[in-house]
Amino acid sequence: MLQRSLRFVRFLVEKTRFLDRLRGALNPRQEKALLRMLREVPGSLDFLRKKRRRFEQVLEAEWDLLVVDEAHHLEWSEEAPSRPYEMVEALAEQVPGVLLLTATPDQLGHQSHFARLRLLDPERFYDYEAFVAEEQAYGQIADAAQPLLTGDALNADQLAVLQGLLPELDAS
């Protein structure tokens with residue numbers, strides 16, 4: 001695995017050096033076409049973070065899909081989002097498809113989990129407090145509906161909770 005990663009990094013370094021050598025020799029349309037041809041290569045945030053120009057080149061390319069493996073490492077707080085989070089956020093604003101892969105979404109805390117959801121759908125996940133309140137409502141629904149999983153009838157209190165939280169529910 002490490003050997004494959006090192007080969008990839010060497011390839012990415014050579015690719016960006018190649019682009020730097022061509023910079024200025026190509027017109028903007030040719031450069032954009034070349035970036036489009038070379039865009040189907042995975043990248044390392046660490047590599048892009050060390051060289052601002054490399055990150056700018058990635059932002060300039062037109063991408064169809066952004067895949068972030070080990071996304072739980074994207075740390076976020078309102079006061080101080082991490083640089084990798086900011087980089088992925090900048091890419092996510094331009095790329096129509098974003099896929100975040102993680103087996104442990106809450107590893108760096110609940111706020112970071114919310115922030116990753118915000119990368120996927122900023123209109124839906126716009127406010128952390130609203131997110132927490134919505135989650136708590138789901139917990140109430142799950143608790144009230146628990147008897148349905150075992151085939152038991154709902155008591156009046158559980159039914160009232162479900163009808164209050166889900167007005168469209170027809171419990172007749």
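Given the structure is predicted, the values throughout are model-derived calculations rather than measurements.

Q: Report on the pattern of salt bridges, specifying residues and quantitative values.
A: Inspection of every chain in the model, using the stated rule, returns five salt bridges. Among the salt bridges present, the one from arginine 52 reaches glutamate 56, with a minimum N-O distance of 3.6 Å. Of this pair, arginine 52 and glutamate 56 both sit in helix α4 (residues 52-60), four residues apart, which is roughly one turn of the helix. In this structure, the salt-bridge partner of arginine 53 is glutamate 56, at a minimum N-O distance of 3.3 Å. Of this pair, arginine 53 and glutamate 56 both sit in helix α4, three residues apart, which is roughly one turn of that helix. Overall, the relative accessible area of 29% leaves glutamate 56 in the partly exposed class. One continuous salt-bridge network, built from bridges that share partners, spans Arg52, Arg53, Glu56 and Glu60.

Q: With reference to specific residues and values, describe the nonpolar core.
A: Core analysis: the largest hydrophobic core is formed by 24 residues, its most contacted members being Val68, Leu74 and Leu119. Those elements that provide at least two residues to this core are α3 (45-50), α4, β1 (65-68), α5 (83-94), α6 (110-120) and α7 (128-150). Top element by residues in this core is α5. It accounts for five residues. Ignoring anything within four residues of it in the chain, the contact list for leucine 74 reads Leu45, Val68, Ser82, Pro84, Tyr85, Val88, Leu108, Ser112, Arg116 and Leu119.

Q: I'd like a description of a nonpolar patch on the surface, backed by residues and values.
A: Residues Leu65, Val67, Leu99 and Leu101 make up a contiguous nonpolar surface patch of about 320 Å² in total accessible area. Checked against the element boundaries, leucine 101 lands in the loop between β2 (97-100) and α6. Accessibility expressed as a relative area gives 34% for leucine 101, which makes it partly exposed.

Q: Explain the packing of α5 against α6 to me, and be specific about the residues and the numbers.
A: Look at α5 against α6: their axes get within 9 Å of each other, and the N-to-C directions meet at 20 degrees. Between α5 and α6, the interaxial angle falls into the category roughly parallel. Here Tyr85, Val88, Glu89 and Ala92 of α5 lie close against α6, whose contacting residues are Ala115, Arg116, Arg118 and Leu119. Each residue belonging to the contact of α5 with α6 can be placed in one class, and the counts come to five nonpolar, no polar and three charged.

Q: Please provide a residue-by-residue account of the packing of aromatic side chains, values included.
A: One pass over the structure, following the stated rule, counts six aromatic pairs. The interplanar angle of 40 degrees and the centroid separation of 6.3 Å between the aromatic rings of tyrosine 128 and phenylalanine 131 together place this pair among those described as tilted. With tyrosine 128 and phenylalanine 131 both in helix α7 and three residues apart, the pair spans about one turn of that helix. A relative accessible area of 14% means that tyrosine 128 is categorised as buried. Residue class for phenylalanine 131 comes out buried when judged on its relative accessible area of 9%. One aromatic cluster is present, formed by Trp76, Tyr85, Phe114, Phe125, Tyr128 and Phe131 through successive ring pairs. Above the face of the phenylalanine 55 ring, arginine 83 is positioned so that its terminal group lies 5.5 Å from the ring centre.

Q: Describe the side chain of arginine 116, with residues and values.
A: By the secondary structure assignment, arginine 116 is in helix α6. In this structure arginine 116 is buried but unpaired, with aspartate 106 as the nearest side chain of opposite charge at 5.5 Å. Polar contacts involving the side chain of arginine 116 include one to the main-chain carbonyl oxygen of proline 105, which spans 2.2 Å.

About the thresholds
Residues numbered from 1 in each chain as written. Predicted model: local features only at pLDDT ≥ 70, side-chain atom pairs only at ≥ 80, totals over all residues. Heavy atoms only, no water. Salt bridge = Lys/Arg side-chain N within 4 Å of Asp/Glu carboxyl O. Helix = DSSP H or I, 4+ residues; strand = E, 2+ residues; numbered from the N terminus. Buried < 20%, exposed > 50% of the residue type's maximum accessible area, 1.4 Å probe, protein only. Core = buried A, V, L, I, M, F, W, Y, C linked by side-chain atoms within 4.5 Å. Contact = heavy atoms within 4.5 Å. Patch = residues over 30% accessible without salt bridge, like charges linked within 9 Å, V, L, I, M, F, W, Y side chains within 5 Å. Areas by Shrake-Rupley, 256 points an atom, 1.4 Å probe, with all protein chains shown as cover. Axes fitted to C-alpha atoms, helices over the stretch in contact; angles between N-to-C directions. Parallel < 35°, antiparallel > 145°, perpendicular 65-115°, else oblique. Nonpolar A, V, L, I, M, F, W, Y, C, P; charged D, E, K, R; others polar. Phe/Tyr/Trp six-rings, centres within 6.5 Å; stacked < 30°, edge-to-face > 60°. Lys NZ or Arg CZ within 6 Å of the ring centre and 35° of its normal. Lys, Arg positive; Asp, Glu negative; His and termini not counted. Polar contact = N/O pair within 3.5 Å; in protein donor to acceptor, adjacent residues only side chain to side chain.

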